[in-house]
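Here is what each chain is made of, one letter per residue.
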Amino acid sequence: MGRARAASCSSSSTESSTQIRRNLSTDLRLGLSISASQQDDPFSLPSVGDDDQASDWPPTKPLIMRRALEEEENEGSSATFFVKVYMEGIPIGRKLDLLAHDGYHDLIRTLDYMFSTNIIWSEMDGSVSAYSETCHVLTYEDKEGDWMMVGDVPWEMFLSTVRRLKITRAM
Amino acid sequence: MNYFPDEVIEHVFDFVTSQKDRNAVSLVCKSWYKIERLSRQSVFIGNCYAISPERVIGRFPGLKSLTLKGKPHFADFNLLPYDWGGWVYPWVEALAKSRVGLEELRLKRMVVSDDCLELLSRSFVNFKSLVLVSCEGFTTDGLAAIAANCRYLRELDLQEIEVDDNRGQWISCFPDSCTSLVSLNFSCLKGEINLTALERLVARSPNLKSLRLNRAVPLDTLQKLLMRAPQLVDLGIGSFVYDPSSEAYIKLKATLVKCKSIRSLSGFLEVVPCCLSAIHPVCQNLTSLNLSYAPGIHGNELIKLIRFCRKLERLWILDSIGDRGLGVVAFTCKELQELRVFPSGVDNAAVTEEGLVAISAGCPKLHSLLYFCQQMTNAALITVAKNNSNFTRFRLCILDREKPDPVTMQPLDEGFGAIVQSCKRLRRLSLSGLLTDQVFLYIGMYAEQLEMLSIAFAGNSDKGMLYVLNGCKKLRKLEIRDSPFGNTALLTDVGKYETMRSLWMSSCEVTLGGCQTLAKKMPRLNVEIINEDDQMEFSLDDRQKVGKMYLYRTLVGPRKDAPDFVWTL
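Nothing here was measured: the structure is a model prediction, and the numbers come from that model. (Residues numbered from 1 in each chain as written. Chains lettered and ligands numbered in written order. Predicted model: local features only at pLDDT ≥ 70, side-chain atom pairs only at ≥ 80, totals over all residues. Heavy atoms only, no water.)

**Observations regarding the overall build of chain A**
Which entries qualify depends on this criterion: By definition, any uninterrupted DSSP run of H or I lasting at least four residues is a helix, any uninterrupted run of E lasting at least two residues is a strand, and each is numbered from the N terminus. The buried label goes to any residue with under 20% of its type's maximum accessible area, the exposed label to any with over 50%, and the partly exposed label to all in between, with areas taken from a 1.4 Å probe on protein chains only. Note on definitions: a residue-residue contact is assigned when non-hydrogen atoms from the two residues lie within 4.5 Å.
Counting its regular elements, chain A contains 4 helices and 8 strands. The order of helices and strands in chain A, counted from the N terminus, is β-α-β-α-β-β-α-β-β-β-α-β. Within chain A, buried positions represent 37% of all 171 residues. The long-range fraction of contacts in chain A, counting pairs at least 24 apart against all pairs at least 6 apart in sequence, stands at 49%.

In structure tokens:
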């Protein structure tokens, strides 16, 4: 696997060797690979290895990096748990993967975005009135068929009992 | 000369266990040399090409445990071609022919064939322990031979291995009479494993203390294994994918609460992104946690876990923990001694100087660090040096090569200078970021105990390398890549290399002529030029720059197993 050596593109490179090497990382990213120069150039640098498979940077053992890349590929096939989500007044619902969220805060964030609103749930503080303009309450149907407010039980317990979600207008 | 009979001296030497000390003992006088060599049981060979197996066996006939290292460190980063060397077969063959009663073999960065494992398993009746780190060249057939033939096997430990998994049946090859296992680590194997055979093996191994599973072992098997081995001290979880409402998961939670001996946890090779609460009860007793193979665990979940780990001494983690997460580590883990933060490859998940400063302030016992980060500042490094002067290992890798201090746009010379000045016991150092010759001046001046130094994309001139070679009296391993050090630096003090194990220089300014001069002057060094495809094929011009040079001291001359592309000058 040969590597072309990039010669410095600036003629000022022939100046004193105490000159601080300029930050050439931009150049490297542009993939400059000028063909091999025989001159003893203090600023000559090898170009970034262009073979992604056998990368030598960052200097970490291949197994760790490979696991990270595999994980990115596998993201689609790891465990999922999709539930239906309805907003009051809108007949067509959405579907949401609860396992793709790591807790209530994450879930609320997604729902706020999905439905363009502010969601109230049991961990909100007392200043609800400030939000009373456009906000909704998040509830869920549990295994017994009852409708409960989201957020009272530990996240994991919630995952094991939730069947679907509903966003209703705040009373 | 001796006031005591040999047996008494030998008994005294039994208490001298470190190889360094035993080497010192053997230099005192001929009599002590003889007594020491006949009684030495554990031998460490840092470079398998520095000596021949025959000479080792000749000197230490009582050898029971052998540790061998093959390829240079930069081989880990794909800088060494596949067939460079490091074959262990000649060693095993020589040991088998001799009368050595080998019990333990530990190999790092060596090439091990199935034939070799087969020979090993058949040649030593009392063979107890095989540890392979970053090795290659064998398949699960070789493991099957070890399992089947080593009747008193205690330890089979595979780390960082890429093995061709032919069948998952090697685990069935442990005979029913094998009940001696203490440690079994096959976490890096990719293929399927016979789960029933694994369960039976664990059930008949009452001394099993360490068990690290691969990703093919599902949650319900894990639960069954833990039921059989509640005495486990070290656990590596394979697959941690579950349905939160499933009975298997509920059972596992209950079982984990009973495993009160677990002190070390690793793995999670396959994991559901959320909810590791089943693990929380185990966390309070953990001294070692390795989640560097679990990119599936999100930062928030990592943080939740860490909050329970008050006794942690060793933490290996991915940078997805973030600076905030490191703040939690600093707050929680007051006993922390070793921290490694690896890059997860995800762009926005990275740590910066903030995380490191927090750790240095919060963890007074920290002495070993490996830290991959987005950026670093001089101010942060100076603060770290002030907070903590205990570092023995300090390895910093800024992911953006040659990146300066982002605040001042200055090189990181002052920061690293502060580290070496403050940490008087520093033995290992890895540099990164924008660096000039100045940092090497500091290293040469202050890093008196430094044994290993890794340099990449640093320095301006030969002076840099010379500062290090002149100043670091205890230097053993120096590895340099992509830095402007040339023949002057290489040739100024050629005697230095006989005091070191090895020197690696790649993509530097040394020329073929310079290397040849060195090789001529120092016959007890092997100066190897690794010549990859298109470089240097037809031209033997002295002025041509050398792509990769690896030199090491040796007592046995040029090696006979060097492939075509390696020239020993």
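Now that the structure is up, let's keep going.
**Observations concerning the packing of helix α9 (residues 219-228) of chain B against helix α10 (residues 247-258) of chain B**
All names here are of chain B. Put simply, the rule is: Fitted lines through C-alpha atoms serve as axes, helices being fitted only where they are in contact, and the angles separating the N-to-C directions of these axes extend from 0 to 180 degrees. The cut-offs work like this: below 35 degrees is roughly parallel, past 145 is roughly antiparallel, 65 to 115 is roughly perpendicular, and the gaps in between are oblique. Handedness of each helix crossing follows the sense of rotation of the near helix against the far helix: counterclockwise by less than a right angle gives left-handed, clockwise gives right-handed. When residues are grouped by polarity, Ala, Val, Leu, Ile, Met, Phe, Trp, Tyr, Cys and Pro land in nonpolar, Asp, Glu, Lys and Arg in charged, and all others, Gly among them, in polar.
The N-to-C vectors of α9 and α10 enclose an angle of 30°; their axes lie 9 Å apart at closest approach. Between α9 and α10, the crossing angle belongs to the class labelled roughly parallel. The way α9 lies across α10 gives a crossing that is left-handed. Seen from α9, the contacting residues are L219, D220, L222, Q223, L226 and M227; seen from α10, they are A248, Y249, K251, L252, T255, L256 and K258. For the contact of α9 with α10, a count of residues per class yields 8 nonpolar, 2 polar and 3 charged.

**A look at a nonpolar patch on the surface**
Residue and element names in this part refer to chain B. Test applied: Patch criteria: residues need more than 30% relative accessible area and no salt bridge. Like-charged residues are merged within 9 Å; nonpolar side chains of Val, Leu, Ile, Met, Phe, Trp and Tyr are merged within 5 Å. In these tables, accessible area is a Shrake-Rupley quantity obtained with a 1.4 Å probe, and a residue counts as shielded only by the protein chains included in the view. Counted as salt bridges are all cases of a side-chain nitrogen of Lys or Arg within 4 Å of a carboxyl oxygen of Asp or Glu.
Together, Y3, F4, V8 and V12 give the surface a local cluster of nonpolar side chains, amounting to about 480 Å² of exposed area. Among the structural elements, F4 can be located in the segment before α1 (6-13). In this structure F4 comes out as exposed when scored by relative accessible area, which is 54%.

**Brief notes about the environment of K190 of chain B**
All names here are of chain B. Selection rule: The term polar contact refers here to a pair of N or O atoms within 3.5 Å; inside protein, the definition further demands a hydrogen-donor-capable atom paired with an acceptor-capable atom, and it admits residues adjacent in sequence only when both atoms are side-chain atoms.
With respect to the helices and strands, K190 occurs in the loop between β6 (183-185) and α8 (195-203). Note: C-alpha distance between K190 and R501 (311 residues apart in sequence) is 35 Å. Residues in contact with K190, not counting those within four places in the same chain, are E162, D165 and N214. There is a polar contact of 3.2 Å between the side chain of K190 and the side chain of E162.

**A look at the environment of Y467 of chain B**
Residue and element names in this part refer to chain B. Tracing the backbone through its elements, the reader meets Y467 in helix α18 (residues 462-471). When its relative accessible area of 28% is taken as the criterion, Y467 is described as partly exposed. In this structure, the C-alpha to C-alpha distance between Y467 and N487, residues 20 residues apart in sequence, is 15 Å. Setting aside anything within four residues of it in sequence, one finds Y467 in contact with D437, F440, L441 and G444.

**Focus on the packing of aromatic side chains**
Residue and element names in this part refer to chain B. Rules: Stacked, tilted and edge-to-face pairs are distinguished by plane angle, under 30 degrees for stacked and over 60 for edge-to-face with tilted covering the rest, among Phe, Tyr and Trp rings (Trp via its six-membered ring) whose centres lie within 6.5 Å.
Enumeration over the complete set of coordinates arrives at 22 aromatic pairs over all chains. Summarising the aromatic geometry, the rings of Y49 and W84 are spaced 5.7 Å apart at their centres and angled 80° between planes, so their arrangement reads as edge-to-face. Taken together, the residues Y49 in the loop between β1 (42-45) and α4 (53-59) and W84 in the loop between β2 (65-69) and α5 (89-97) connect sequence positions 35 residues apart. With relative accessibility at 9%, the residue Y49 sits in the buried group. Between F440 and F485, the aromatic rings sit 5.7 Å apart at their centres with planes inclined by 80°, giving edge-to-face as the arrangement. Taken as a pair, F440 in helix α17 (residues 437-446) and F485 in the loop between β17 (477-481) and α19 (487-491) lie far apart in primary sequence, 45 residues in all.

**As for the nonpolar core**
Put simply, the rule is: Buried Ala, Val, Leu, Ile, Met, Phe, Trp, Tyr and Cys residues that are joined via side-chain atoms within 4.5 Å together make up what is termed a nonpolar core.
Counting residues in hydrophobic clusters, the biggest one holds 204 residues, and the most contacted among them are L165 of chain A together with W170, F240, F268, F394 and I443 of chain B. By residue number, the principal contributor to this core is helix α3 (residues 104-115) of chain A, which donates 5 residues. Sequence-distant contacts of F394 of chain B, that is, excluding residues within four places in its chain, are made with L356, L369, L381, V384, F416, I419, L426, R428, L429 and S430 of chain B. If you look at the next biggest cluster of nonpolar residues, it comprises 9 residues, including W57 of chain A together with W316, L318 and F372 of chain B.

**Overview of the packing of helix α16 (residues 413-422) of chain B against α17 of chain B**
Any two packed helices are characterised by the angle at which their axes cross and by the distance between the axes. Residue and element names in this part refer to chain B. Relative orientation of the contacting elements α16 and α17 amounts to 5°, with a least axis distance of 9 Å. Viewed along their axes, α16 and α17 adopt a mutual orientation that is roughly parallel. Touching D413, E414, F416, G417, V420 and Q421 of α16 are Q438, V439, Y442, I443 and Y446, all from α17. A class-by-class count of the residues in the contact of α16 with α17 yields 6 nonpolar, 3 polar and 2 charged.

**So, α16 of chain B**
Most of α16 of chain B sits inside the fold, with 7 of its 10 residues counted as buried. The complete set of buried residues in α16 of chain B reads D413, G415, F416, G417, A418, I419 and V420 of chain B.

**Details of the confidence of the model for chain A**
Residues and elements named next belong to chain A. Heads up, the rule is: As a per-residue measure, pLDDT reflects the predictor's confidence and takes values from 0 up to 100.
Predicted confidence across chain A gives a mean pLDDT of 65, with 51% of residues reaching 70 or more. At the level of individual helices and strands, chain A shows its lowest average pLDDT in strand β1 (residues 5-6), which scores 34, and its highest in strand β7 (residues 147-149), which scores 90. Predicted confidence for residues 1-53 stays below pLDDT 50, and this span has 87 contacts to residues more than four positions away or in other chains.

**Re the pattern of salt bridges**
Residue and element names in this part refer to chain A. Inspection of the entire model under this criterion finds 26 salt bridges over all chains. Where E141 meets R163, a salt bridge forms, and the shortest distance between an N and an O atom there is 3.4 Å. Here E141, found in strand β6 (residues 135-141), pairs with R163, found in the loop between α4 (155-161) and β8 (164-169); they are 22 residues apart in sequence, far enough to count as distant. By relative accessible area, E141 is classed as buried at 9%. On the basis of relative accessible area, R163 is assigned to the partly exposed category, the value being 45%.

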